[in-house]
Amino acid sequence: MDKLVPKEEFIADKIYKIRGYKVLLDADLAGLYGVETKLLKRQVRRNIERFPEDFMFVLTDEEFENLRSQYVTSSWGGSRYIPMAFTEQGVAMLSGILRSQTAVQVNIQIMRVFVKMRNLITRYEELLEKVEALEANALDQNEHIIKIYEVIKELIEPAYKNRKPIGYRIKERRERYFAKYK
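Because the structure is predicted, anything quoted here is derived from the model rather than measured.

A separate point is the pairing of strand β1 (residues 15-18). One ladder, built from four bridges, connects β1 with strand β2 (residues 21-25); its direction is antiparallel. Considered in β2, the bridge of Ile-15 is made with Leu-24. Connecting β1 to the next strand, β2, in antiparallel fashion are two residues, including Arg-19 with a positive phi near 55 degrees.

See below:
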C-alpha cells in the first residue's frame, strides 16, 4: 500500500496558488487517487453542496489559459476542459465522497503536505519579522556610527576657521623691528 501512496515532494509540486488559495487541480488529484478525471468530476457534481466556493472553484478561461501557457501543452494534448481547483478543505471533503483505501491514504499525505507548508510559512513570517527588527536596529546603529566617524574626523583634522590665532602679534612691520637691534 505504501508504494501506491505518492511522496510528499511529488504532492507539493502539484500545489498551485490561484486566487490566493493553495489548490490542487482535478486532473492531478485524479492521478493521485488512481481514478479518471471525469469520474472525479462526476462525483463532485453529484455532491456539489459539499463544495462551497472556498473549498472548490472552477478556473476562469483566463486562469486556465495562464496555467496552460506555463506548462506549454500542445493543441491536441492536455486537458481541453476547464479544471476544478480544490483547496485544502476541498481535498478533505473529497475523502468523504471517494471512499477507496487509496483515496484515504493519499488524502492523509496531502493533508500532511498542507500542514508542512503552513508551518513553513509561519516560520518564514517569524524570520521576516526578526530580519525587519535587525534592519531597524542596524539603521539606528548606522546613524550612531556616522556620528562617531564625524567626531573622529574632526579630531584628526580640526576646524581652524573660527579660531583666533594664539600668541602675541607685533603691529610693526617685520623689517623695521629687526633693524633696531642690528
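This paragraph deals with the layout of surface pockets. Put simply, the second largest pocket is a space of about 230 Å³. Around the second largest pocket, the lining residues are Lys-17, Gly-20, Tyr-21, Lys-22, Thr-87, Glu-88, Gln-89, Phe-114, Met-117, Arg-118 and Ile-121. Mapped onto the lining of the second largest pocket, the elements with two or more residues apiece are β2, α5 (88-97) and α6 (101-156). At four residues, the largest contribution of residues to the lining of the second largest pocket is made by α6.

Of the positions making up α5, those classed as buried are Glu-88, Gly-90, Val-91, Leu-94 and Ile-97. Each buried residue of α5 lies within a common arc of 165 degrees when the element is viewed along its axis, so the set occupies one face. Looking at the packing, one finds that the buried side of α5 touches β2, α2 (26-33), α3 (37-46), β4 (84-86) and α6.

What follows deals with the pattern of salt bridges. Per the counting criterion, the structure on display carries three salt bridges. Arg-19 is paired through a salt bridge with Glu-53; the nearest N and O atoms lie 3.2 Å apart. One end of the pair, Arg-19, is in the loop between β1 and β2; the other, Glu-53, is in the loop between α3 and β3 (56-58), and 34 residues separate them in sequence. Of the charged contacts in the structure, one is a salt bridge between Arg-19 and Glu-63, with a shortest N-O distance of 2.9 Å. Highlighted residues: Arg-19 in the loop between β1 and β2 and Glu-63 in helix α4 (residues 61-71), separated in sequence by 44 residues. Using a relative accessible area of 37% as the deciding quantity, one classes Arg-19 as partly exposed. It is possible to trace a salt-bridge network through shared partners that takes in Arg-19, Glu-53 and Glu-63.

Calculation notes
- Residues numbered from 1 in each chain as written.
- Predicted model: local features only at pLDDT ≥ 70, side-chain atom pairs only at ≥ 80, totals over all residues.
- Heavy atoms only, no water.
- Pairing = 2+ DSSP bridges.
- Helix = DSSP H or I, 4+ residues; strand = E, 2+ residues; numbered from the N terminus.
- 1 Å grid on protein atoms, 1.4 Å probe; cavity = no way out; pocket = protein on both sides within 12 Å on 5 of 7 lines; lining within 4 Å.
- Points joined across faces, edges and corners; volume = space filled by probe spheres on them.
- Buried < 20%, exposed > 50% of the residue type's maximum accessible area, 1.4 Å probe, protein only.
- Arc of directions from axis to C-beta.
- Contact = heavy atoms within 4.5 Å.
- Salt bridge = Lys/Arg side-chain N within 4 Å of Asp/Glu carboxyl O.

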